Amino acid sequence: MTTDCNGRYVYLDPFIGGAIAVAEAARNVVCSGAEPLAITDNLNFGSPEKPEIFWQFERAADGISEACQQLNTPVIGGNVSLYNETKGEAIFPTPTIGMVGLIKDIDHITTQEFKNEGDLIFLIGETKAEIGGSEYQKIVTGKIEGRPPQINLELEKKIQAFTLKIIQEGLVHSAHDTAEGGIAVALAESCIGGKLGADIQLTEELRSDFCLFSESQSRIIISVSPNHAERMNEMAKQLKVPIKEIGIVKGTDLSITHNGKNVISQPVAELDASWRNAIPEIMRSGLLKKFNMQEISASLP
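Every value quoted in this text rests on a predicted model; they were computed, and no experiment measured them. (Residues numbered from 1 in each chain as written. Predicted model: local features only at pLDDT ≥ 70, side-chain atom pairs only at ≥ 80, totals over all residues. Heavy atoms only, no water.)

Trainee: Hey, could you run me through the pairing of strand β7 (residues 120–124) in this one?
Mentor: The side chains of a regular strand alternate between the sheet's two faces. Judged by how many residues are buried, β7 sits mostly within the fold: five of five residues are covered. Neither face of β7 is left uncovered, since the one carrying Leu-120, Phe-122 and Ile-124 and the one carrying Ile-121 and Leu-123 both have all their residues buried. Note that β7 and strand β10 (residues 220–224) share five bridges and pair antiparallel. Bridging from a neighbouring strand, Ile-121 pairs with Ser-223 of β10. Of the strand pairs in this sheet, β7 and strand β11 (residues 243–249) are connected by five bridges, and their pairing is antiparallel. Along β11, the bridge assignment pairs Ile-121 with Gly-247. (Buried < 20%, exposed > 50% of the residue type's maximum accessible area, 1.4 Å probe, protein only. Helix = DSSP H or I, 4+ residues; strand = E, 2+ residues; numbered from the N terminus. Pairing = 2+ DSSP bridges.)

Trainee: How do you make sense of the layout of surface pockets when you look at a structure like this?
Mentor: In this approach the atoms are scanned with a rolling probe the size of a water molecule, which exposes any empty space left behind. Of the volumes computed, that of the second largest pocket is approximately 230 Å³. Every residue along the wall of the second largest pocket is listed here: Val-30, Glu-35, Pro-36, Leu-37, Leu-71, Asn-72, Lys-157, Gln-160, Ala-161 and Leu-164. Among the elements of the structure, β2 (35–44) and α5 (153–168) are those that each provide at least two residues to the lining of the second largest pocket. Top contributing element to the lining of the second largest pocket by residue count: α5, with four residues. Residue classes in the lining of the second largest pocket are distributed as six nonpolar, two polar and two charged. (1 Å grid on protein atoms, 1.4 Å probe; cavity = no way out; pocket = protein on both sides within 12 Å on 5 of 7 lines; lining within 4 Å. Points joined across faces, edges and corners; volume = space filled by probe spheres on them. Nonpolar A, V, L, I, M, F, W, Y, C, P; charged D, E, K, R; others polar.)

Trainee: Explanation requested: the nonpolar core in the structure shown.
Mentor: Soluble globular proteins tend to bury their nonpolar side chains together. Core analysis: the largest hydrophobic core is formed by 28 residues, its most contacted members being Phe-114, Ile-121, Leu-187, Ile-200, Leu-202, Leu-254 and Ile-256. Ranked by residue count, the leading element in this core is helix α6 (residues 182–194), at seven residues. Of all hydrophobic cores here, the second largest spans 25 residues; its members include Ala-25, Ala-26, Ala-34 and Leu-43. (Core = buried A, V, L, I, M, F, W, Y, C linked by side-chain atoms within 4.5 Å.)

Trainee: Explain the sheet that holds β11 to me, please; I cannot follow it from the model alone.
Mentor: Within a beta sheet, neighbouring strands are joined by backbone hydrogen bonds and run either parallel or antiparallel to one another. Sheet architecture is open: seven strands sit in the order β8-β10-β7-β11-β9-β12-β13, paired in mixed fashion. With partners counted over all chains shown, the strands left at the sheet margins are β8 (174–177) and β13 (261–267), one partner each. For this sheet the average axis-to-axis angle between neighbouring strands, irrespective of direction, equals 20 degrees. In this sheet, β10 lies alongside β8 in antiparallel orientation, the contact comprising four bridges. In the strand pairing of β10, Asp-177 is matched with Ile-220. Most of the contacts of helix α8 (residues 226–239) go to β7, to which it runs at about 15 degrees, and overall it touches β7, β10 and β11. (Axes fitted to C-alpha atoms, helices over the stretch in contact; angles between N-to-C directions. Contact = heavy atoms within 4.5 Å.)

Trainee: Would you mind showing me how to read helix α2 (residues 14–31) here?
Mentor: For an α-helix, 3.6 residues make a turn, and residues three or four places apart therefore share a direction. Between its first and last C-alpha atoms α2 spans 26 Å; for 18 residues at 1.5 Å apiece the expected length is 26 Å, and the two agree. Taking burial as the measure, the 18 residues of α2 include 17 buried ones, the bulk of the element. Gly-33 occupies a position one or two residues after α2 and carries a positive phi of about 95 degrees. (Expected span 1.5 Å × (residues − 1).)

Trainee: Before we go on, may I ask you to explain unusual backbone geometry in this structure?
Mentor: With glycine set apart, most residues show a phi of negative sign, and most peptide bonds adopt trans. You will see that Lys-195, though not glycine, has its phi angle at about 55 degrees, which is positive. Residue position: Lys-195 is located in the loop between α6 and β9 (198–202). Under the relative-accessibility criterion, Lys-195 is labelled exposed at 61%. Its identity is not glycine, yet Lys-240 carries a phi of approximately 60 degrees, on the positive side. Relative to the helices and strands, Lys-240 resides in the loop between α8 and β11. Look at Lys-240 and you get exposed, because its relative accessible area is 67%.

Structure follows, in structure tokens:
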């Protein structure tokens, strides 16, 4: 069971944002080893008496409907909360999706953390320069603007079906969807959960920061035994699913190289401490004010 929605995406493009909310929920369920079954929605918007807010509501509902039909996840209930405003300013449109799925065999239960040193790490899906509405854009510029990540629902359905199939065949040791924060954050989370490092080699023809933090949809990071890699690649080729090997579970550091240049090298223990202590540190020392994210961004190739 999962809940998902990125209000920033919906703010920038209500139809795409609504569709992504459903697709990401289904992707999360699939990564746990479950077949998506149905959704309930919780539609949170400003005043529908304003034409632009009513338009957001209508287009988000259209996007949800389109994704549900493509992914075969009917809406079995939900609620609506309107007039969510303060001094005339509406909240970001937030059509939250709750989804349930069925794990048919407990042996199919899959989690996001890396399990075994020496496992190969693969990226299912493709990375594009899609920064609009992202965590990276918000931190670096303080703005939410541009186009959000786009989504091809046919490809999404194909990738989810492939991922569930290789999980059910016992080929996958971990699976983690790549969403807010992009590849870098997803890899960090998989390392933190398993207390294992990873040596990652990325080769996309993008700026390093875009490669690391783009929030392109329909992407899943998996780890598999080297003995299963050939079988998995054959299945991906048959189903025409984009997949590439990007690294190996190794050591106690997360090391990411992009086009031959190391851009991240961090002990997993420090990543874990940053994650666990983030809120207390911000409250205690005003940590965010000490970082100039524009300078950090400019230092990346």
